[in-house]
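# Structural features, examined
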Amino acid sequence: MHAWLCEQPTGPDALQWKKLPLPEPKPGEVRVAIKAASLNFPDLLIVQNKYQFKPPLPFVPGSEFAGVVDAVGEGVTHLSPGMAVASFGGLGGFGTHACVNAQLAMPLPPGFKFEDAAAFLCTYGTTHHALVDRAQLRAGETVLILGAAGGVGTAAIQIAKAVGARVIAAASTDEKCALCRTLGADATINYGEGDLREKIKAATDGKGPDVVYDPVGGELAEPVFRSIAWRGRYLVIGFAGGSIPSLPLNLALLKGASIVGVFWGEFAKREPKNNAKALAELAAWYAQGKIKPVIEHKLAMTALPEAFALMAARAVKGKLVLVNH
């Protein structure tokens, strides 16, 4: 097999495409012949040694992938060789094969494309957990989505519309806002220019959004939180903007608002039944055409450095997928 090996987590430049021995699945594991893998922001952080989870060296990055089971370990009964699966296992995706815990491999229903499946679990799992479970988003409520043209942002537009919410998509350029409108956003805000608070006020008739979905953090957080509706729920998804914001807690008091943490990976571990139920709903929505990953770039697995460069430059709309030919 071949894989991108990280021997020193000093950034993407340190990764090397290497020939490695084919691993055998341990008890409870399956080996997957990888067809496609997608890039998520934590994949960049992990090779820069900036992520909360620091794997022992050397490791193969790549948290999310899809492929075909080609070997099963002892004790695995629900999966067998030849089955198509998607996995979000934390590591191993940027290569031709990976062994993963069988519990983290989701069997794919017929007709689920490998490229879509590789761009699905993390972004849609996170977003369903955030909007449906943590925020209890209801039909008719208004949700403001920051970073709305990115991987989780585009998933958030689709899931919020599937629930029946009104969607205001906020992004950093007019071009990104245009993409959001094609995905069903009811209104868009370009926060790269102008007064963000005034724009939110105008888009919500002065009420503010009931739910804020924030994967960006940084300097956007405070003006957005100041604009939230009474009983609003502010979802903390991540910090793609670079800095972790601090919010004055009196704002939560004044608005009767909640700051709600979203950590889908931990939710999936601690509440596997609830997670399986959410993923089943998402798979049904995919089959019905209500949701579909937005994939702007499709590159060969060997082009990982180019993929990281695009992500670091914030040049990716939707998701970026790497494929093994």
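Above this text sits the structure in question.
None of the values given here were measured: they were computed from a predicted structure.

## A short note on the environment of Ala170
Position of Ala170 relative to the elements: it lies in strand 9 (residues 166-171). Sequence-distant contacts of Ala170, defined by excluding residues within four places in its chain, comprise Leu144, Ile145, Leu146, Gly147, Ala148, Ile189 and Tyr191.

## Describing the pattern of salt bridges
Applying the stated criterion to the full structure yields twelve salt bridges. One salt bridge in this structure joins Glu64 and Lys319, with 3.2 Å as the shortest N-O distance. Of this pair, Glu64 sits in strand 4 (residues 64-72) while Lys319 sits in strand 15 (residues 319-323), placing them 255 residues apart in sequence. Comparing Glu64 with Lys319, the two get one shared label, buried. A cluster of three or more residues bridged by salt bridges with shared partners is formed by Glu24, Arg31 and Asp70.

## Regarding helix 11 (residues 304-312)
What helix 11 keeps buried is the set Leu304, Ala307, Phe308 and Met311. Projected onto a plane normal to the axis of helix 11, the buried residues spread over an arc of 100° and lie on a single side. Just beyond helix 11, the residue with positive phi is Arg314, at close to 55°.

## Side note on the packing of helix 3 (residues 121-134) against helix 4 (residues 151-163)
Across the interface, helix 3 lies against helix 4 with an axial gap of 9 Å and an inter-helix angle of 50°. By the angle class used here, helix 3 and helix 4 are oblique. The interaxial crossing formed by helix 3 with helix 4 has right-handed handedness. For the pair helix 3 and helix 4, contact is made by Thr123, Tyr124, Thr127, His128, Leu131 and Val132 and by Gly151, Val152, Ala155, Ala156, Gln158, Ile159, Ala160 and Val163, respectively. Among the residues forming the contact of helix 3 with helix 4, the class breakdown is nine nonpolar, five polar and no charged.

## Topic: the packing of aromatic side chains
Evaluation of the coordinates by the stated rule reveals eight aromatic pairs. Aromatic side chains Phe112 and Tyr286 sit 3.9 Å apart centroid to centroid with 10° between the ring planes, which places their arrangement in the stacked category. Of this pair, Phe112 sits in the loop between strand 7 (105-107) and helix 2 (114-118) while Tyr286 sits in helix 10 (residues 272-287), and the two are 174 residues apart along the sequence. Exposure remark for Tyr286: the relative accessible area of 13% places this residue in the buried category.

## Things to note about the sheet that holds strand 11 (residues 211-214)
An order of 10-9-8-11-12-13 is seen for the six strands of this open sheet, with the pairing classed as parallel. Lying at the two open borders of the sheet, with one neighbouring strand each, are strand 10 (187-190) and strand 13 (258-261). Averaged over all pairs of adjacent strands, the angle between their axes in this sheet comes to 20°, without regard to strand direction.

## Re helix 4
The terminal C-alpha atoms of helix 4 lie 19 Å apart, and with 13 residues this matches the ideal 18 Å at 1.5 Å per residue to within 8%. For helix 4, the buried fraction is high: ten of the 13 residues fall into the buried class. Burial in helix 4 covers these residues: Gly151, Val152, Gly153, Thr154, Ala155, Ala156, Ile157, Gln158, Ile159 and Ala160. Just beyond helix 4, the residue with positive phi is Gly164, at close to 100°.

## Some words on the environment of Gly111
Note on placement: Gly111 falls in the loop between strand 7 and helix 2. The sequence separation of Gly111 and Ala287 amounts to 176 residues, and the corresponding C-alpha distance is 8.1 Å.

## Re the packing of helix 3 against helix 10
Packed helix pairs are specified by the crossing angle of their axes together with the interaxial distance, meaning the distance between the axes. For the pair helix 3 and helix 10, the least separation of the axes is 10 Å and the interaxial angle reads 115°. It follows that helix 3 is roughly perpendicular to helix 10 by the angle criterion. Here helix 3 and helix 10 pass one another in a crossing that is right-handed. Residues Leu121, Tyr124, Gly125 and His128 of helix 3 form the contact with helix 10, whose participating residues are Ala278, Leu279, Glu281, Leu282 and Trp285. Of the residues belonging to the contact of helix 3 with helix 10, the class tally is six nonpolar, two polar and one charged.

## Structural notes on unusual backbone geometry
Cis peptide bonds are those with omega within 30 degrees of zero, and the linkage from Leu57 to Pro58 qualifies with -10°. Position of Pro58 among the secondary structure elements: in the loop between helix 1 (41-47) and strand 4. Even without a glycine there, the phi angle at Asn49 is positive, about 60°. The phi angle at Arg231 is positive, at roughly 60°, despite the residue not being glycine. Structurally, Arg231 can be placed in the loop between helix 7 (221-226) and strand 12 (233-236).

## What to know about the pairing of strand 11
Residue alternation in strand 11 divides its side chains into two sets, Val211 and Tyr213 and Val212 and Asp214, and both sets are buried. Two elements, strand 8 (residues 142-145) and strand 11, share three bridges in a ladder whose sense is parallel. Each bridged residue has a counterpart across the sheet, and for Val143 the counterpart in strand 11 is Val211. Inspection of the sheet shows strand 11 paired to strand 12 by four bridges, in the parallel sense.

## What about the side chain of Thr126?
Within the secondary structure, Thr126 sits in helix 3. When its relative accessible area of 11% is taken as the criterion, Thr126 is described as buried. Among the polar contacts made by the side chain of Thr126, one reaches the main-chain carbonyl oxygen of Cys122 at a distance of 2.7 Å. If we skip the residues at most four places from it in the chain, Thr126 touches Leu121, Tyr213, Ile237, Val262 and Trp264.

Calculation criteria
Residues numbered from 1 in each chain as written. Predicted model: local features only at pLDDT ≥ 70, side-chain atom pairs only at ≥ 80, totals over all residues. Heavy atoms only, no water. Helix = DSSP H or I, 4+ residues; strand = E, 2+ residues; numbered from the N terminus. Contact = heavy atoms within 4.5 Å. Salt bridge = Lys/Arg side-chain N within 4 Å of Asp/Glu carboxyl O. Buried < 20%, exposed > 50% of the residue type's maximum accessible area, 1.4 Å probe, protein only. Arc of directions from axis to C-beta. Axes fitted to C-alpha atoms, helices over the stretch in contact; angles between N-to-C directions. Parallel < 35°, antiparallel > 145°, perpendicular 65-115°, else oblique. Left-handed = near helix turned anticlockwise from the far one by under 90°. Nonpolar A, V, L, I, M, F, W, Y, C, P; charged D, E, K, R; others polar. Phe/Tyr/Trp six-rings, centres within 6.5 Å; stacked < 30°, edge-to-face > 60°. Pairing = 2+ DSSP bridges. Expected span 1.5 Å × (residues − 1). Polar contact = N/O pair within 3.5 Å; in protein donor to acceptor, adjacent residues only side chain to side chain.

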